[in-house]
Amino acid sequence: MVDLIEKNNIIKARVYKITQYEKNPETGEDYHFNENNIKSAVEHKTIKRYAWIEHNRDYFSLEEEASGKGKAGELKGKHWHAVIDCPGSVELPVVAKWFGVPEFLVEVAKGKGAFLDCVEYLPHSSEKEQEKGKTLYEDNEVHANFDWRKELNEREENRAKYGGDLSPKKRMEWDVFYDGKTLKECKEENKLLYMENIDKLKKHRLTYIADHMEVPKNRINIYICGGGGVGKDTASRAIARCLYPYITSDEDLFFELGCDNVSYEGYDAQPVNILSDYRAYTLLDTFKGRENLFKVFDSHPHNSKVNVKFSSVKLVNTVNIVNSVQDYQVFLNGLAGHYKDKKGVEHKAEDKAQSYRRFPVIIELEEDTITIYVNQYFINKSNDATEYKVWKKMRGNFGKIRKAFGNNEEKARFLENKLLSGFAELVQEIMKNEPQKTDEELEEMFKDYGEEITEEESQKVKEEIEKIEIDDCVFYYTKSGLCIDDCIIPENCVEKRSEIFDKFITEKKKREEAKKQKAKEEEKKKNALKGIDLYTFLYGFDEDVEENKTDDLDKDYENNEEDFFG
């Protein structure tokens, strides 16, 4: 910022300070200057801020005596100090005319923070002025059109924090870049400053998130599908509010990513990310391929940036909600299936369980029906990651609620929460089923790593694991017996355990008998009479006449293949 402009020998500046005595200290001549001169001057609209004071208790110092200004210890004559701050540069002669003083009594205040420096001098309250022995004036003796003491205190705090005088714009950037101030907080603090500096602030916010914030230990992904008008976006927002009822502001709660915003511009580290109208291929394209996409939807996310179109970003959200018109099986199969990217590179299909086990909850929306599916793998009821069962099916339509009660937020949210009754608890249960192991448990898990595998161990045949479901119980077993650690026995089954176990034994025997029968039938097929065994079947020869078998057969049938099979 330019403090001083000099053109054609006329000085123009923004900040000026004026000092004037009422009377000449040496001759006593009346200068006809008093507070009325100042009050009249500061009424000019060109002046943005001003401050002034009457000094009537100042004494000459030794330093001033040495320079010939007066005798140390003697009282100075009454004089006035004024300082003004103008938005645009003003010519010095104009300022002199405003105050009714000679031009040489008007000085340009130079340097960063010059205006507050001059204001700070008025009461002589700084350590520097007090060390000089100057008279201390009360704050109420300073006349100003702003809270000058508050601004001085804030400046001292800012100097301690930032290491110097920073402009409000730079302070806001610092707070975002180093202290984690959110974009929402910046906007609330100063809308104009936020608007003028929005691009830099967004960039700084993403840098802070990448450098200082950790990804969650667990992440849950929810897929919502349905046709147009059933309220997929509305349902996505309602679910976010249901999971985080204590976050009252949607701006703090979720970040919405549409197909037209694939760079996470404006991402503010919200706990929920909503990806609206993203089909399987759109996701693969947005996140630059399956490997990167699966990182974004990993239930145990990596503490690193992920690549998206035009940029990279570190995602610290706990919940991903994706919605689209694609049927959930088409969507999940598409994430793991064969596809060709925009560069024409073909990618082979992978195990579809890779995508299924990333989405424990599926919500299917129809015209007046909502069906919530839960992946059984996530609640320890199946080892099959592709197995979903209905958790709840109910009447309802999120879109119709908003259409009917759009202006009544309280009523709309009440009905949305009614549809989602128990849903937050379900999500908590799913996330609890993937606990983070302690250091001791991890050590136990990997204690045999590095040990050599013996030949005997290598030759062991892996036993086939069977599964039988009885009521809510799930039994896993091999030929050797039950897999105790893998079986699932809910508490409500304990009282009737004898009955359930009898059912298990009966079902197990039935399966074993069926297997034996099947094995016999397969053995029969293998032992179908053919070739040389036909001799025994036709003639019943014993071992003593084995050598005559071929001759006798040839004799009877003249070795005629057509006659024999005829």
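Residues numbered from 1 in each chain as written. Predicted model: local features only at pLDDT ≥ 70, side-chain atom pairs only at ≥ 80, totals over all residues. Heavy atoms only, no water.

S.K.: Explain the overall build of the chain to me, please; I cannot follow it from the model alone.
M.R.: Regarding its fold elements, the chain presents 25 helices and 20 strands. Counting over 566 residues, the chain shows a buried share of 40%. Here the analysis covers contacts within the chain between residues at least 6 apart in sequence; of these, 61% occur between residues at least 24 apart. Here the chain has roughly 34500 Å² of accessible surface; of this, 47% comes from carbon and sulfur atoms. (Helix = DSSP H or I, 4+ residues; strand = E, 2+ residues; numbered from the N terminus. Buried < 20%, exposed > 50% of the residue type's maximum accessible area, 1.4 Å probe, protein only. Contact = heavy atoms within 4.5 Å. Areas by Shrake-Rupley, 256 points an atom, 1.4 Å probe, with all protein chains shown as cover.)

S.K.: Explanation requested: the sheet that holds strand β18 (residues 466-470) in the structure shown.
M.R.: Remark on secondary structure: sheet strands pair via backbone hydrogen bonds, oriented parallel or antiparallel. Judged by pairing direction, the sheet is antiparallel, and its three strands sit side by side in the order β18-β19-β20 without closing on themselves. Single-partner strands in this sheet number two, and they are β18 and β20 (481-482). (Pairing = 2+ DSSP bridges.)

S.K.: Mind showing me how you'd approach the side chain of Arg155 here?
M.R.: Mapping Arg155 onto the fold places it in helix α6 (residues 148-162). The buried category is assigned to Arg155, whose relative accessible area is 7%. Excluding residues within four positions of it along the chain, Arg155 makes contact with Gly113, Leu116, Asp117, Glu120 and Asp165.

S.K.: Explain the packing of aromatic side chains here, please?
M.R.: When we look at a pair of aromatic rings, we describe it by the centre distance and by the angle of the planes. Following the criterion strictly, the structure yields 20 aromatic pairs and no others. Aromatic pair Phe177 and Tyr178: ring centres 4.8 Å apart, planes at 75 degrees, arrangement edge-to-face. For Tyr178, a relative accessible area of 48% translates into the label partly exposed. Ring centres 6.0 Å apart and planes at 70 degrees place the aromatic pair Tyr244 and Tyr246 in the edge-to-face group. Here Tyr244 falls in the buried class, since its relative accessible area comes to 12%. Aromatic ring contacts, followed pair by pair, group Tyr223, Phe255, Tyr264, Tyr267, Phe287, Phe297, Phe331 and Phe359 into a single cluster. (Phe/Tyr/Trp six-rings, centres within 6.5 Å; stacked < 30°, edge-to-face > 60°.)

S.K.: Where do I start with unusual backbone geometry in this structure?
M.R.: Here the phi dihedral of Ala269 falls at roughly 65 degrees; this positive angle occurs in a residue that is not glycine. For Lys288, which is not glycine, the phi torsion reads 55 degrees and is therefore positive. Relative to the helices and strands, Lys288 is located in the loop between α13 (280-286) and α14 (290-296). Accessibility expressed as a relative area gives 52% for Lys288, which makes it exposed.

S.K.: What am I meant to see in the environment of Gln20 here?
M.R.: Tracing the backbone through its elements, the reader meets Gln20 in strand β2 (residues 10-21). Taking the C-alpha atoms as reference, Gln20 lies 9.0 Å from Ala82; in sequence the two are 62 residues apart. If we skip the residues at most four places from it in the chain, Gln20 touches Tyr31, Phe33, His79, Trp80, Val101, Pro102 and Leu105.

S.K.: Explain the sheet that holds strand β7 (residues 220-226) to me, please; I cannot follow it from the model alone.
M.R.: Pairing is mixed across the open sheet formed by seven strands, whose spatial order is β8-β9-β12-β7-β15-β16-β17. Every interior strand has two partners, whereas the edge strands, β8 (254-257) and β17 (388-395), have only one. Taken over all neighbouring pairs, the strand axes of this sheet differ in orientation by 20 degrees on average, direction set aside. In this sheet, strand β16 (residues 369-375) lies alongside strand β15 (residues 361-365) in antiparallel orientation, the contact comprising five bridges. (Axes fitted to C-alpha atoms, helices over the stretch in contact; angles between N-to-C directions.)

S.K.: What's the story with the packing of α6 against helix α7 (residues 168-179) in this structure? I'm lost.
M.R.: A packed helix pair is summarised by two numbers, namely the angle formed by the two axes and the spacing between the axes. Where α6 meets α7, the closest approach of the two axes is 12 Å, and the angle between their N-to-C directions is 40 degrees. Relative to α7, the element α6 is oriented oblique. The handedness of the crossing between α6 and α7 comes out as left-handed. In this structure, α6 uses Asn158, Lys161 and Tyr162 to contact α7, whose residues at the interface are Arg171, Trp174, Asp175 and Asp179. For the contact of α6 with α7, the residue count by class is two nonpolar, one polar and four charged. (Parallel < 35°, antiparallel > 145°, perpendicular 65-115°, else oblique. Left-handed = near helix turned anticlockwise from the far one by under 90°. Nonpolar A, V, L, I, M, F, W, Y, C, P; charged D, E, K, R; others polar.)

S.K.: Mind showing me how you'd approach the nonpolar core here?
M.R.: Side chains that are nonpolar tend, in soluble globular proteins, to be buried together. With 38 residues, the main nonpolar core has Ile222, Ile239, Leu243, Val272, Ile363 and Phe423 as its most contacted residues. Residues in contact with Ile239, not counting those within four places in the same chain, are Ile222, Ile224, Ile321, Ile363, Leu420 and Phe423. With 34 residues, the next largest nonpolar core counts Tyr267, Phe331, Tyr339 and Tyr388 among its residues. (Core = buried A, V, L, I, M, F, W, Y, C linked by side-chain atoms within 4.5 Å.)

S.K.: What's the story with the pattern of salt bridges in this structure? I'm lost.
M.R.: Between side chains of opposite charge, a pair can form when the charged atoms approach closely. Counting across every chain of the model gives 43 salt bridges. The salt bridge involving Lys467 is made with Glu469; its shortest N-O contact spans 3.4 Å. One connected set of salt bridges, linked through shared partners, spans Asp117, Glu120, Arg155, Glu156, Arg159 and Asp165. (Salt bridge = Lys/Arg side-chain N within 4 Å of Asp/Glu carboxyl O.)

S.K.: I tried to follow the confidence of the model for the chain on my own but got confused; where do I start?
M.R.: Reading predicted coordinates in detail is not appropriate for stretches of low pLDDT. Taken over all residues, the pLDDT of the chain has a mean of 85, while the share at 70 or more is 85%. The least confident element of the chain, judged by mean pLDDT, is helix α25 (residues 561-565) at 42; the most confident is strand β6 (residues 143-144) at 98. Considering only residues more than four positions removed or in separate chains, one finds that residues 541-547, a stretch of pLDDT under 50, has three contacts. Low pLDDT, under 50, characterises residues 553-566; the predicted model gives this stretch ten contacts beyond four residues in sequence or across chains. (pLDDT = per-residue confidence, 0-100.)

S.K.: Can you help me understand helix α11 (residues 232-243) in this one?
M.R.: In an α-helix, one full turn covers 3.6 residues, which means residues spaced three or four apart are oriented alike. Its twelve residues give α11 an end-to-end C-alpha distance of 17 Å, which sits within 8% of 16 Å, the value for a rise of 1.5 Å per residue. Taken together, the buried positions of α11 are Lys232, Thr234, Ala235, Ser236, Ala238, Ile239, Ala240, Arg241, Cys242 and Leu243. (Expected span 1.5 Å × (residues − 1).)

S.K.: What's the story with the pairing of β16 in this structure? I'm lost.
M.R.: Note on strand geometry: in a regular strand, side chains alternate between the two faces of the sheet. Most of β16 is tucked away, with six of its seven residues classed as buried. Linkage of β15 to β16, two consecutive antiparallel strands, is achieved through a turn of three residues.

S.K.: Looking at this structure, how should I read the environment of Leu243?
M.R.: Within the secondary structure, Leu243 is located in helix α11. Along the chain, Leu243 and Pro271 lie 28 residues apart, while their C-alpha atoms are 9.9 Å from each other. Those residues in contact with Leu243 that sit more than four places away from it in its chain are Ile222, Val319, Phe423, Ala424 and Val427.

S.K.: When you look at a nonpolar patch on the surface in this model, what are you seeing that I'm missing?
M.R.: A contiguous nonpolar patch, built from Met445, Phe446 and Tyr449 and spanning about 340 Å² of accessible area, is present on the exposed surface. You can see Tyr449 is positioned in the loop between α20 (439-445) and α21 (455-458). Judged by relative accessible area, Tyr449 falls into the exposed class, the value being 61%. (Patch = residues over 30% accessible without salt bridge, like charges linked within 9 Å, V, L, I, M, F, W, Y side chains within 5 Å.)

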